[in-house]
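Each chain is listed here by its residues.
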Amino acid sequence: MTEQEHLQKPSPEKNTETTSVDLVANASKNEQLKHDLDSLLDEIDEVLEDNAEEFVRNYIQKGGE
Amino acid sequence: MAIAKVLGIETEYGITGGPDGDPVTASSILVNAFARNGVTRINWDFGDESPANDARHMPLLTSVAPMVETHLANTVLTNGARFYVDHAHPEYSSPECRTPLSGLLYDRVGEDVLLHAVRVANQTSEGMPPITVYKNNTDGKGNSYGTHENYLVDREIPFAEIVRAMAPHLISRQVILGAGKVGFETEYFEELAPRFQIAQRSEFFEELVGLETTLKRPIVNTRDEPHGDPERFRRLHVIIGDANMSEVATFVKLGSTALLLAVLEDRGSGVFPPMPKTPVRAVREYGADLTLTHGQEAVDGRTRSAWDYQDELWNLAEGYVNGGDGSAVASEAELTLLLTNWREMLDGVRDAPESVADRVDWVAKLRLVNGMRERHGLSDEDPRLAAIDIQYHDIRPEKSLARRVGLRKLLEASAIGEAFHNPPRDTRAYFRGRCIAQYPNEIAAANWDSIIFDLGVDPLHRVPMMDPLKGTAELLGELLDNASSAEELLRALGTL
């Protein structure tokens, strides 16, 4: 399910050379993904409501429709 | 032949702030702020103003329209949409749209309408706790509010056939269209206690078929209010969807559902996969199954996951389009965009979720939740996770998390700006929107299927619009261009 599982699973029928190339490519892609997520989380940390507990507690709606 | 799938989305937004934190007052302030700012030149309050009351009691006014059933703030926009207070929420109903992309556009414009209203209200109400709105469907405490889709359906299709054909889609489409939710909020899940669900709404559904929307919510809603000629049309009112922040998800939601309705009209319900034996259990449990593998037994004895259902339904829709059908829904290019995204999202959620985090809301939200959990070592109960869930749907660009996760866009900013003011050109919304823009002072009331003009002398004049495909730019554009007053328009239409 996770992106890591998916990306690190080379298909067994491929020859060794291709597999190692794939692994290198995947490793660098993985790093890129991790980097992207890190930058995103930095941004989320900045923008997320300061007092999450109070924010969530006060978010009360009436049912609608 | 399938009939044109005229469609639209009604969205109830979550709301906080305002005087005493009263959501009804805050919602009214928003609607009035929008009208006051002159973005729409027509607005009225059916409670305080007499024109509407007059209109309501006119013997000619046969339809019971939503716009005359409430005393709360209510306005019709120049883009043909309706912006009003429903229960304790501000609600934006898109105008009638001819294709899924158009439906997406006008739903997206709703976010800007709300944003504009919020900014005007907060700038002009000194000392008031600022109002904020969220395009979501639950407060995480057991209170849910709706995002309802509407589709025009041929009256000849028996309702039982609609239920039989469409329930599997409505139950399973959450697998790619769910907006995601942290935790659970109904008794049903107390034992299983899922940490995350793929949809906001699924656990709130209690019946397969019914008329209710707030209690005993049904998977297929039976409201029979076509807002058009009841001899020819039915309006399928779909209450089970989540509000999507992803443009692609909204597009695929409208497109897949409209396309399957067209398949039903052309091929009958027999070509659809069979219903799960226990549909309510299925919709809830699919919603809590992040592995996407858990099957539910269907009436044919086979077990299917939500993913399996979607795979079958995609193949059904793809076969229909490949056979040359689908013009009831959209152009070939738009159908290709639809089928491609539907397929990629479906394969993506199973094989490589990361690859569709730019289109599937629940995947994008889960990525944030898991990322934050790991980064800060948070427990499941940490309020920061619930805060992410809510703030994902904040419509303010400076606060919205959805705007930060890299969701793919289908709409040009210029198109959104244009649709903020102008109606779609290919449905009766065109006539409504242009009349409101051109003759704001001579319209006593408007609703989905009529406009009532008040020329200052008795009687009022009602222009019925019982066919959603009439009143288009093609049919009436020139006439509207040339009518410098409502009186001239009515003469040209033969109403005077």
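For every chain, the first residue of the written sequence is number 1, and numbering continues from 1 along that sequence. Here chains are named by letter from A upward and ligands by number from 1 upward, in the order in which they appear as written. Per-residue local features of the predicted model are confined to residues with pLDDT of at least 70, and side-chain atom pairs are confined, for both listing and counting, to 80 or more; whole-chain, interface and lining totals are unaffected and use all residues. Water and hydrogen atoms were dropped before computing side-chain values, which therefore reflect all heavy atoms in the structure.

**A few points about the sheet that holds strand β16 (residues 443-447) of chain B**
Residues and elements named next belong to chain B. A pair of strands is labelled paired if DSSP reports no fewer than 2 bridges between them. Note on conventions: DSSP H or I runs of at least 4 residues are helices, E runs of at least 2 residues are strands, and numbering of each starts at the N terminus. In space, the three strands of this open sheet follow the order β16-β17-β18, with antiparallel pairing throughout. For this open sheet the edge positions go to β16 and β18 (461-464), each flanked by a neighbour on one side alone. Looking at each pair of strands side by side, their axes are set apart by 15° on average, direction ignored. Pairing of strand β17 (residues 450-453) with β18 involves four bridges; the strand directions are antiparallel. Along β18, the bridge assignment pairs Ser 450 with Pro 464. Whether two residues are in contact is decided by their heavy atoms: any pair within 4.5 Å suffices. A fitted line through C-alpha atoms represents every axis, and for helices the fit uses only the stretch in contact; the resulting angles, taken between N-to-C directions, go from 0 to 180 degrees. Packing against the sheet, helix α13 (residues 429-438) makes contact with β16, β17 and β18, and its axis sits at approximately 25° to β17.

**Things to note about the interface of chain B and chain A**
A common way to state how big an interface is: give the accessible area lost once the parts meet. At the interface, 50 residues of chain B touch 28 residues of chain A. Two parts placed together each lose some accessible area; with a 1.4 Å probe, that loss summed over both constitutes the buried area. Across the interface of chain B and chain A, roughly 3300 Å² is buried in total on both sides, 60% from carbon and sulfur atoms. Looking at the side of chain B facing chain A, the largest losses of area belong to Arg 367, Arg 375 and Arg 404 of chain B, adding up to 17% of the total buried there. Any carboxyl oxygen of Asp or Glu within 4 Å of a side-chain nitrogen of Lys or Arg constitutes a salt bridge here. Counting the contacts that link chain B with chain A gives six salt bridges. Across the salt bridge formed by Arg 375 of chain B and Asp 45 of chain A, the nearest N and O atoms sit 3.0 Å from each other. Any N or O atom pair separated by 3.5 Å or less is treated as a polar contact, with the protein-specific requirement of one donor-capable and one acceptor-capable atom, and with residues adjacent in sequence counted only for side-chain atom pairs. Linking chain B with chain A are 16 residue pairs in polar contact (both at pLDDT 80 or more). Ranked by residue count, the leading element in the side of chain B that touches chain A is helix α11 (residues 383-391) of chain B, at seven residues.

**Focus: the domain arrangement of chain B**
Throughout the structure description, domain borders are defined by an automatic or database domain assignment. When its domains are assigned, chain B resolves into domain 1 (7-415) and domain 2 (425-493). Taking only C-alpha atoms into account, the centre of domain 1 of chain B sits 30 Å from that of domain 2 of chain B.

**A closer look at the pattern of salt bridges**
Residue and element names in this part refer to chain B. The full count for this structure, using the stated rule, is 45 salt bridges over all chains. Here Glu 111 ties to Lys 135 by a salt bridge, and the two come within 2.8 Å at their closest N and O atoms. Highlighted residues: Glu 111 in helix α3 (residues 100-124) and Lys 135 in the loop between β7 (132-134) and β8 (147-154), separated in sequence by 24 residues. The exposure class of Glu 111 is buried, given its relative accessible area of 6%. When accessible area is computed with a 1.4 Å probe and restricted to protein chains, residues below 20% of their type maximum are described as buried, those above 50% as exposed, and intermediate ones as partly exposed. Taking relative accessible area as the criterion, Lys 135 reaches 2% and is therefore assigned buried. Two residues, Arg 396 and Asp 394, come together in a salt bridge whose shortest N-O distance is 2.7 Å. Accessibility classification places Arg 396 together with Asp 394 in one group, the buried group. Because the salt bridges share partners, they merge into one network encompassing Asp 107, Arg 108, Glu 111, Asp 112, Lys 135, Glu 247 and Arg 403.

**Examining the packing of helix α14 (residues 473-482) of chain B against helix α15 (residues 486-493) of chain B**
All names here are of chain B. Contact pair α14 / α15: the axes reach a minimum separation of 9 Å and the direction vectors enclose 140°. The orientation of α14 relative to α15 falls into the category oblique. Read as a crossing pair, α14 and α15 show a hand that is right-handed. Facing α14, whose interface residues are Leu 476, Leu 479, Leu 480 and Asn 482, α15 presents Glu 488, Leu 489, Ala 492 and Leu 493. Gly is placed with the polar residues, together with every amino acid not listed as nonpolar (Ala, Val, Leu, Ile, Met, Phe, Trp, Tyr, Cys and Pro) or charged (Asp, Glu, Lys and Arg). Of the residues belonging to the contact of α14 with α15, the class tally is six nonpolar, one polar and one charged. Our angle categories are set so that under 35 degrees counts as roughly parallel, over 145 as roughly antiparallel, 65 to 115 as roughly perpendicular, and the remainder as oblique. It is the rotation of the near helix from the far one that decides the hand of a crossing: anticlockwise by less than a right angle makes it left-handed, clockwise makes it right-handed.

**Regarding the packing of aromatic side chains**
Note on aromatic pairs: the rings of Phe, Tyr and Trp (six-membered ring only in Trp) are paired at centre separations within 6.5 Å, and the planes decide the class, stacked below 30 degrees, edge-to-face beyond 60, tilted for the rest. Applying the stated criterion to the full structure yields five aromatic pairs over all chains. Seen from their ring centres, Tyr 59 of chain A and Tyr 134 of chain B are 5.1 Å apart, and the 80° between their planes marks the pair as edge-to-face. You can see Tyr 59 of chain A sitting in the segment after α3 (52-58) and its partner Tyr 134 of chain B sitting in strand β7, one on each of two chains. For the pair Tyr 59 of chain A and Tyr 134 of chain B, one class covers both residues: buried. Ring geometry for Phe 34 of chain B versus Phe 83 of chain B: centroids 5.7 Å apart, planes at 80°, classification edge-to-face. A residue pair is termed long-range when its members are at least 10 positions apart, and Phe 34 of chain B in helix α1 (residues 23-36) and Phe 83 of chain B in strand β5 (residues 82-86) qualify at 49 residues. Here a set of aromatic residues connected by ring pairs shows up, and it is made of Phe 55 and Tyr 59 of chain A together with Tyr 134 of chain B. Looking at Arg 284 of chain B, its charged tip hangs above the ring of Tyr 188 of chain B, at a distance of 4.4 Å from the centre. Across from the ring centre of Trp 314 of chain B, 4.8 Å away, lies the NZ or CZ of Arg 343 of chain B, which sits over that ring. Counted as over-ring charges are cases with an Arg CZ or a Lys NZ within 6 Å of the ring centre that also lie within 35 degrees of the ring normal.

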